[in-house]
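So you can see what is in the structure, the chains are spelled out below.
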Amino acid sequence: MMILSGDPPRSRALSILLVVIVLALLATPFIFPGAKALNVAAKICIFAALVASYDLLLGYTGSVSFAHTMFYGIGSYAIAIALYGLGPNWTSVAAAVAAGLPLALLLALAIGLFSLRVEAIFFAMITLAVASAFLVLASQLSWLTGGEDGRSFQLPELLRPGTVFIGKEWFGFTVNGRILTYYLVFFACALMILALLRVVNSPFGRVLQAIRENRFRAEALGFRTVFHLTYANCIAAMIAASAGMLNALWLRYAGPDTSLSFSIMLDILLMVVIGGMGTIYGAIIGAAIFILAQNYLQALMSIASTAAADAGLPLLPGLLHPDRWLLWLGLLFIASVYFFPTGVVGRLRSKPGSSR
Amino acid sequence: MSEIAATDALPKPKRDIAPLLLPVVLALLMIPLIGSESSWVTLTVASLAMGMMIFIMASGLTLVFGLMDVLNFGHGAFIAVGAYVATLVLLPLASWAQADSLLTNLAVLVPAALLSMGVTGALGLVVERVLVLPVYGQHLKQILMTTGGLIVAEQTLYALFGPQIIPLPLPTAFRGSFILGDVAISKYRLLALLIGLVIFIAIELVLNRTKIGLLIRAGVENREMVEALGYRIRRLFLGVFMTGSALAGLGGVMWGLYREQVHASIGDELTVLVFIVVIIGGLGSITGCFIGAILVAMVANYGGFLVPKLALVSNILLMVAVLMWRPRGLYAVTSR
């Protein structure tokens with residue numbers, strides 16, 4: 001219980017689901033062979049941490065930010081630029097961390113102090129504007145960021161796939177730098193999620209929830225709501241930047257499409273809503289469901305699209321085309337906000353039989 | 001203390017003209033910086049025309065927010081839909097649009113604009129009923145629902161029209177420019193300027209001289225009191241929402257013609273711009289929105305001319321500067 005900060009899943013089905021997901025992620029390199037499974041697992045880990053940090057904002061303080069990918073991108077680009085410019089060694093990684101995290105922190109502080117004093121809606125609009133400016137900036141400053149192409153780079157020696165620690169002849173599979181990187185990602189993300197659980201269950205987290213429920217009242221009780229919201233924004237930004245760093249390390253690449261684009265922001269929103277806002281655990285469930293669907297359902301869509309085209313149906317092939325995946329996602333998003341505002345976690349936690 | 005008799009006229013609210021002067025001062029300041037007078041005139045006309053188009057798109061959004069506290073994150077979808085609907089008329093009738101006669105050009109342009117406004121207005125009705133009504137009064141869900149609506153609309157446009165950029169050439173009569181001395185003023189920009197001014201004046205007249213306008217302004221200030229007096233503010237709101245959507249559609253047509261191309265991503269692109277304008281102007285204020293739109297366009301045009309690199313973040317800088325001066329926007333209407 002200590003490790004979960006006294007906030008257990010509170011539902012048997014949910015606990016089982018979480019244990020299954022975590023164990024599957026832990027064992028992925030050994031039970032699911034192939035690069036794709038490992039990629040999917042790493043992406044689930046990274047997004048679980050990213051979405052959990054977003055949940056701190058959306059679920060616990062009730063403020064909608066559209067700038068979360070900006071912080072994610074800052075982390076990604078920090079690693080990419082450092083490793084590209086300073087060469088593939090651990091000093092560059094340290095330099096990236098030392099430059100990226102403070103940058104994310106300062107930016108979050110500035111945005112927070114500037115826009116969190118008033119309505120939630122104001123914050124949403126300003127973050128949207130700042131994030132879009134940042135996206136343009138990142139794709140225009142090509143001498144630094146590589147523009148639309150992004151930056152590919154080499155990892156430090158230890159993390160390269162060529163570095164073999166245990167050969168195939170020992171247990172029947174190779175343990176190489178790639179697998180080490182995967183576990184680095186896994187444990188770093190687990191640590192971040194546990195840290196977030198600690199934050200939301202601290203007195204500070206309780207104040208955030210109070211602000212979400214009734215800001216005026218929280219202020220009347222003597223809490224300086226602007227500072228609390230700004231701190232929450234800063235914590236979320238730092239974790240998002242860290243997740244971005246892990247993402248860059250895993251992909252060995254950082255570019256606008258993988259780390260900054262608006263569609264990632266939508267993915268994050270969707271994962272929070274599907275998993276359940278204000279639960280942290282929802283982030284793990286949401287990320288797992290969403291990324292599995294993204295990677296394996298698109299194939300299904302393409303089959304359906306071809307089938308519809310063969311049958312000569314009008315319009316359907318276009319609508320079912322894998323590129324139109326976001327369309328169905330959007331519909332799912334609206335439906336889940338409308339019908340399941342509490343998400344999977346909320347559903348599982350509510351007692352069977354009662355409607356809420 | 002002097003006594004106030006009941007027959008005295010109510011004290012007039014103080015006129016706040018400082019924001020009105022802002023664009024004028026900015027434009028005048030730019031004369032020495034830009035140097036050449038002819039480029040200054042061209043840039044100023046360009047920014048006024050661009051400002052009008054942005055104003056047309058943003059006006060609905062600011063009223064909807066002011067009146068019902070609903071912020072539509074999917075407003076950009078109406079802009080994109082408007083532009084696409086116009087292509088449905090303008091492209092099949094391209095021969096009319098390219099004919100060398102003003103009347104024939106108008107005969108295709110006006111129906112295209114009207115059809116766009118009709119479709120986006122109807123779409124506004126659907127969006128209001130399906131997406132906004134169920135989550136009325138809950139900001140968080142509103143933002144989420146309308147963002148979802150934006151994705152669905154954009155993806156549907158991709159599915160129906162394909163992902164490619166659709167070229168949308170200007171009708172012949174509006175191509176080229178008038179030459180006055182060494183100043184060239186593009187005809188289409190003048191047209192945009194004219195339409196924008198007409199719409200601004202029309203909105204101001206409706207708001208200030210009619211009963212509906214009175215109710216809207218009263219609703220912006222205190223919704224509950226208007227309801228208590230027995231007016232069905234929901235219906236009023238629906239009307240404003242549909243009008244705002246139709247105006248966004250018109251703005252989309254104008255923007256598409258201005259850029260001479262249409263793509264579904266203009267929705268995203270312009271949403272950000274429109275938001276900045278609405279924030280700068282003060283949520284709920286039409287005059288503020290008008291000035292905000294001109295300011296944003298001026299900064300984009302002058303900035304793009306003087307320091308091209310700055311143009312990327314100039315809007316954000318403008319927003320920060322305005323909010324430092326007036327934290328609730330140029331004209332704060334609502335108490336929210």
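What this report covers is the structure whose coordinates are included nearby.

Calculation criteria
Numbering of residues starts from 1 in each chain and follows the order in which that chain's sequence is written. All chains are assigned letters beginning with A, and all ligands numbers beginning with 1, in the order in which they are written. With the structure being a predicted model, the display of local features is reserved for residues of pLDDT at least 70 and the display and counting of side-chain atom pairs for 80 or more, all residues being used for whole-chain, interface and lining totals. Every helix listed is a DSSP run of H or I at least four residues long, and every strand listed is a run of E at least two residues long, numbered separately from the N terminus. For the radius of gyration, the atoms used are the C-alpha atoms, and the globule rule reads 2.2 Å times the number of residues raised to 0.38. Once C-beta atoms are placed from the backbone, each residue is buried if 20 or more other C-beta atoms lie within 10 Å of its own, exposed if 12 or fewer, and partly exposed for counts between those two. Throughout, a residue-residue contact means that the two C-beta atoms, derived from backbone geometry, are no farther apart than 7 Å. The nonpolar core criterion groups buried Ala, Val, Leu, Ile, Met, Phe, Trp, Tyr and Cys residues into a set whenever they are joined through C-beta atoms within 7 Å. Side-chain classes are defined by residue name, with Ala, Val, Leu, Ile, Met, Phe, Trp, Tyr, Cys and Pro counting as nonpolar, Asp, Glu, Lys and Arg as charged, and the others, Gly among them, as polar. Only the stretch in contact is used when fitting a helix axis, every axis being a line fitted to C-alpha atoms; angles between N-to-C directions are given from 0 to 180 degrees. Helix crossings are classified by the rotation of the near helix relative to the far one: an anticlockwise turn of less than a right angle makes the crossing left-handed, while a clockwise turn makes it right-handed. A pair of strands counts as paired when DSSP detects no fewer than two bridges linking them. An angle below 35 degrees is treated as roughly parallel, one above 145 as roughly antiparallel, one from 65 to 115 as roughly perpendicular, and anything else as oblique. Take the number of residues in a helix, subtract one, and multiply by 1.5 Å to get its expected span.

### Section: the overall build of chain B
In terms of regular secondary structure, chain B is built from 13 helices and four strands. The C-alpha atoms of chain B give a radius of gyration of 21 Å, which matches the 20 Å a tight globule of 336 residues would have. Summarising its shape, the C-alpha atoms of chain B cover approximately 65 × 50 × 40 Å along the three principal directions. Here chain B holds 336 residues, and 47% of them are scored as buried. By sequence separation, contacts in chain B at least 24 residues apart represent 77% of the contacts at least 6 residues apart.

### Points about the overall build of chain A
Broken down by element type, chain A carries 17 helices and four strands. Compactness check: chain A gives a C-alpha radius of gyration of 21 Å against a globular reference of 21 Å for 356 residues, within 12% of the reference. Counting only C-alpha atoms and orienting by the principal axes, one finds that chain A spans roughly 65 × 55 × 45 Å. A burial count over chain A gives 47% of its 356 residues as buried. Put simply, of all contacts in chain A between residues at least 6 apart along the chain, 73% involve residues at least 24 apart.

### Notes on the nonpolar core
Ala48 of chain A together with Ile54 and Val296 of chain B are the most contacted members of the largest nonpolar core, which has 225 residues in total. With 20 residues, the single largest contributor to this core is helix H2 (residues 37–68) of chain B. When neighbours within four sequence positions are excluded, Val296 of chain B is seen to be in contact with Gly51, Ile54, Leu273, Ile276, Val277, Ile280, Asn315 and Leu318 of chain B.

### Here's the deal with the interface of chain A and chain B
Chain A puts 31 residues into the contact, and the matching count from chain B is 28 residues. Ranked by residue count, the leading element in the side of chain A that touches chain B is helix H5 (residues 120–140) of chain A, at 12 residues. Here the side of chain A that touches chain B is built from residues that sort into 24 nonpolar, five polar and two charged.

### Remarks on the packing of helix H13 (residues 262–275) of chain A against helix H14 (residues 281–310) of chain A
Residue and element names in this part refer to chain A. The N-to-C vectors of H13 and H14 enclose an angle of 120 degrees; their axes lie 7 Å apart at closest approach. As H13 runs across H14, the sense of the crossing is right-handed. Counted together, Asp267, Leu270, Met271, Val272, Ile274 and Gly275 of H13 and Gly282, Ala283, Ile285, Gly286, Ala287, Ile289 and Phe290 of H14 form the full contact between these two elements. In terms of residue class, the contact of H13 with H14 is built from nine nonpolar, three polar and one charged.

### What to know about the environment of Ile21 of chain A
Residue and element names in this part refer to chain A. Structurally, Ile21 can be placed in helix H1 (residues 12–31). Using a count of 17 C-beta atoms within 10 Å as the deciding quantity, one classes Ile21 as partly exposed. C-alpha separation for the pair Ile21 and Ile285, spaced 264 residues apart in sequence, amounts to 8.0 Å. If we ignore the near neighbours within four places in the chain, the residues touching Ile21 are Ile284 and Ala288.

### Structural notes on the environment of Leu86 of chain A
All names here are of chain A. By secondary structure assignment, the location of Leu86 is in helix H3 (residues 68–86). Residues Leu86 and Pro341 lie 255 residues apart in sequence; the distance between their C-alpha atoms is 47 Å. Excluding anything up to four places from it in sequence, Leu86 contacts Thr91, Ser92 and Ala95.

### Digging into the pairing of strand S2 (residues 177–180) of chain B
All names here are of chain B. Of the strand pairs in this sheet, S2 and strand S3 (residues 183–186) are connected by four bridges, and their pairing is antiparallel. Across the sheet, residue Ser177 finds its bridge partner in S3, namely Ser186. In sequence, S2 turns back onto S3 through a hairpin of two residues, with Gly181 there showing a positive phi of about 60 degrees.

### Details of the packing of helix H5 (residues 102–132) of chain B against helix H6 (residues 139–161) of chain B
Residues and elements named next belong to chain B. Viewed as axis vectors pointing N to C, H5 and H6 meet at an angle of 135 degrees, and their least axial separation amounts to 10 Å. Our classification of the angle between H5 and H6 gives oblique. The interaxial crossing formed by H5 with H6 has right-handed handedness. Across from Val127, Leu131 and Val132 in H5, the residues of H6 making contact are Gln142, Met145, Thr146 and Gly149.

### Looking at H3 of chain A
The terminal C-alpha atoms of H3 of chain A lie 27 Å apart, and with 19 residues this matches the ideal 27 Å at 1.5 Å per residue to within 8%. Positive backbone phi, at 95 degrees, marks Gly87 of chain A, one or two positions downstream of H3 of chain A.

### Considering the environment of Trp328 of chain A
You can see Trp328 of chain A is positioned in helix H16 (residues 325–339). Distance from Trp328 of chain A to Gln294 of chain A, taken between C-alpha atoms, is 11 Å for residues 34 residues apart in sequence.

### Some words on unusual backbone geometry
All names here are of chain A. In this model, Arg10 sits at a positive phi of 60 degrees, which is unusual for a non-glycine residue. If you trace the backbone, Arg10 turns up in the segment before H1. For Arg10, a count of 12 C-beta atoms within 10 Å translates into the label exposed. Non-glycine residue Arg252 carries a positive phi angle of around 60 degrees. One can find Arg252 in the loop between helix H11 (225–251) and strand S4 (253–254).

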